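Chain by chain, the residues run as shown.
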Amino acid sequence: MKKRSLILFCSVLCILLLTACSKKTEITQSPEQNLSPDSAQKITPVQGGSISIYSPKPDSFCPIRTQNPQTISMLNLIFDKLIITSSAMTATPNLADSWSVSDDGLQWNVKLRNDVLWHDNTPFVAADVVYTVNQIRTDSTNYYRKNVEQVSKITAVGQHEVQIQLKTPQTNFINLLCIPIIQNQRGAVDKDSFAVIGTGAFCFEDRGEINSLFLKRNENWWKSSPYLDSILIKMLPDKDTALYSFSSGDIDLIAVDSADLGSKVDTTNAGYLNYSTNKFHFLGFNNAHAVLKNIEVRQAISLAIDREKLVNGILNGNARPAIVPLDTTWELYSSDSVQSLNPDIERAKTVLEEHGWENIDGIYQKKVGSNTVKLQFELLVNNSNITRVQAGAYLANLLRNIGIEVTLKEVSFSDYNRLINNRNYEMFLGAFDIDEDLDYTFMLGNKNIFNYRSDTMNTLLREMQKAVTHTGQKDKYAQFQKTFCEEVPLTGLYFENASMLYNKRMHGSFSPSSDSIYNGLENVFVIH
């Protein structure tokens, strides 16, 4: 879990990656995608060669001290994580080999691999994991702090097992152990003089250059030695500079917003692949609004939305339609509990009419006391996000055609943020990053920004965290999704995709996810 942030106001951020097909130990994160797919099956992998990537100048070479996500992604080439989160949002073994949890959900035992060496050839042991977790716990500003905030104690059980005590149960706590492990320093980490010794696929090689970093192949990597001899990392100030460098052939690999394809980026001479992210875009309702507090109104709006058309028309198909804040590919998604992704205009009208709403002159309305109430709303968007403005216009037109009048309210970033935080809106378009713990309390608990209050939902949110068996998890998350669709505190639109550009001399296969940009570079080889 990174630092949790509500992405209500910014342009689409770029968090992208690559991951692995196996040569020795297969760790699959997403369906594999081939670079140069037309010829990938005809080319025999070869060892050797180098590629160039970019990074901003690191604020630290310690992966648990840096605050820069791009630096963290680069350091993931050097430092292995304890577990890897799969595309199904489940934990996959990495440095952790297996795990178990007590019936009360408070004690986790994690067994570690016994065949891993640090780059200085000393063995990886439980004390390294204990040290890493404790260093994160004692740093309130740490990038991974929220991953371990429920940990009350961690101890080594021999050389290759750790025992973790939690303050309160977290059903998906194991997912949060997607943290890079550093070597036991036997003292506080000094981020400025940190020794760059990891267990990962590539080793840091200090050549004393100011604007470049060098990584070399780890011949003793526990999965198997990478194909590439080395990776050159060029220190560049920003993504626009990096895009120019990619276009001129100075770097070979770059993560981009999918919206940049064909606009900022010419893909004629480059390969690219798309992959899923955990960014959930939605239409938010003010549940305290005089009209939107009526569930049937929110239900009708949700039923009317053609998410497939929205994704294809506004996002060129580069997203996955969604209603609930779980992707359809995730293990805990329940198709039986979720409203169909297909729009149902007639059902939307029926829901309204069953509750006394009448379409008069193209607008649904009804008498409430002596007043006539019409279904007329403002939809708030930030004008700096062109995709969001276009999506808002699409939704306004769609809802107007079924008898719900929607006016787009375009405001600056600061006003947008202020209005939402003050709950001074009717509807708005926003997005959340869904963290690996799949705890939706931040979204739907008592302090949510939607003015949504539900005893049923609050009970479910608590019970979901206490479910320790797979069956129990599936049951509680199915109930959660059913309640979400019935009460419609907000309604999903889509999960965002992202893209990776690569030089066509690169070959191999990737299994992209949002866990780490460069996961899987061990499977890349180059042909000149």
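Just so it is clear, the model here is predicted, and its values are computed rather than measured.

The rules behind the values
Residues numbered from 1 in each chain as written. Predicted model: local features only at pLDDT ≥ 70, side-chain atom pairs only at ≥ 80, totals over all residues. Heavy atoms only, no water. Phe/Tyr/Trp six-rings, centres within 6.5 Å; stacked < 30°, edge-to-face > 60°. Helix = DSSP H or I, 4+ residues; strand = E, 2+ residues; numbered from the N terminus. Buried < 20%, exposed > 50% of the residue type's maximum accessible area, 1.4 Å probe, protein only. Lys NZ or Arg CZ within 6 Å of the ring centre and 35° of its normal. Expected span 1.5 Å × (residues − 1). Contact = heavy atoms within 4.5 Å. Pairing = 2+ DSSP bridges. Axes fitted to C-alpha atoms, helices over the stretch in contact; angles between N-to-C directions. Parallel < 35°, antiparallel > 145°, perpendicular 65-115°, else oblique. Left-handed = near helix turned anticlockwise from the far one by under 90°. Nonpolar A, V, L, I, M, F, W, Y, C, P; charged D, E, K, R; others polar. Core = buried A, V, L, I, M, F, W, Y, C linked by side-chain atoms within 4.5 Å.

A.B. asks: Honestly, the packing of aromatic side chains in this entry has me stumped. Any pointers?
C.D. replies: What describes a pair of aromatic rings is the distance from one ring centre to the other and the angle between the planes of the rings. Inspection of the entire model under this criterion finds 19 aromatic pairs. Arranged with centres 5.6 Å apart and planes meeting at 80°, the rings of Phe-282 and Phe-428 form a pair that is edge-to-face. Here Phe-282 is found in strand β14 (residues 270-285), whereas its partner Phe-428 is found in strand β21 (residues 427-433), with 146 residues between them in sequence. Taking relative accessible area as the criterion, Phe-282 reaches 0% and is therefore assigned buried. Using a relative accessible area of 0% as the deciding quantity, one classes Phe-428 as buried. With a centroid separation of 6.3 Å and 75° between ring planes, the pair formed by Phe-432 and Phe-450 is classed as edge-to-face. Linking Phe-432 in strand β21 with Phe-450 in the loop between α9 (441-444) and α10 (455-466), this pair joins segments that are 18 residues apart in sequence. Ring pairing ties together the aromatic residues Phe-280, Phe-282, Trp-330, Tyr-425, Phe-428, Phe-432, Phe-442, Phe-450 and Phe-495, which thus form one cluster. The ring of Phe-214 has Arg-207 lying over it, and the distance from NZ or CZ to the ring centre is 3.9 Å.

A.B. asks: Help me understand helix α2 (residues 126-137), please; the structure alone is not making it clear to me.
C.D. replies: Since the α-helix turns once every 3.6 residues, residues separated by three or four places project in the same direction. Helix length check: α2, at twelve residues, gives a terminal C-alpha distance of 17 Å against a target of 16 Å (1.5 Å per residue), a fit within 8%. Counting buried positions over the twelve residues of α2 gives nine, a clear majority of the element. Among the structural elements, β7 (107-112), β8 (151-156) and β9 (161-166) are those in contact with the buried residues of α2.

A.B. asks: Looking at this model, I keep getting lost on the pairing of strand β23 (residues 506-510). Mind explaining?
C.D. replies: Within a regular strand, the side chains alternate between the two sheet faces. Most of β23 sits inside the fold, with five of its five residues counted as buried. Burial of β23 is two-sided: the residues Met-506, Gly-508 and Phe-510 facing one way and the residues His-507 and Ser-509 facing the other way are all buried. In terms of strand pairing, β23 meets strand β24 (residues 525-526) through two bridges, oriented antiparallel. The residue of β24 that forms the bridge with His-507 is Phe-525.

A.B. asks: What is the right way to read the environment of Glu-358 from this model?
C.D. replies: Looking at where Glu-358 falls in the secondary structure, it is placed in strand β16 (residues 358-360). Taking the C-alpha atoms as reference points, Glu-358 and Gly-403, 45 residues apart in sequence, are found 9.4 Å from one another. Not counting residues within four places of it along the chain, the set of residues in contact with Glu-358 comprises Ile-363, Tyr-364 and Gln-365.

A.B. asks: Looking at this structure, I do not really get the packing of helix α5 (residues 307-314) against helix α7 (residues 386-400). What am I missing?
C.D. replies: Geometry of a packed helix pair, given as the angle between the helix axes and the separation of the axes. Two numbers describe how α5 lies on α7: the axes approach to 11 Å, and their chain directions differ by 140°. It follows that α5 is oblique to α7 by the angle criterion. Seen from above, α5 lies across α7 with right-handed handedness. Contacts between α5 and α7 involve Lys-309, Leu-310 and Ile-314 from the former and Thr-387, Gln-390, Ala-391 and Tyr-394 from the latter. Each residue belonging to the contact of α5 with α7 can be placed in one class, and the counts come to four nonpolar, two polar and one charged.

A.B. asks: Help me out: how do you make sense of the nonpolar core in this one?
C.D. replies: Within soluble globular proteins, side chains that are nonpolar generally end up buried alongside one another. Residues Val-129, Val-162, Ile-164, Ile-231 and Leu-521 are the most contacted members of the largest nonpolar core, which totals 70 residues. The biggest single contributor to this core is α2, with six residues. Excluding its chain neighbours within four sequence positions, the residues that come into contact with Val-129 are Leu-82, Leu-112, Phe-124, Ile-154, Val-162 and Ile-181. If you look at the next biggest cluster of nonpolar residues, it comprises 39 residues, including Leu-315, Val-351, Leu-352 and Leu-398.

Note that every value here comes from positions in space, so none of it alone points to a role or purpose.
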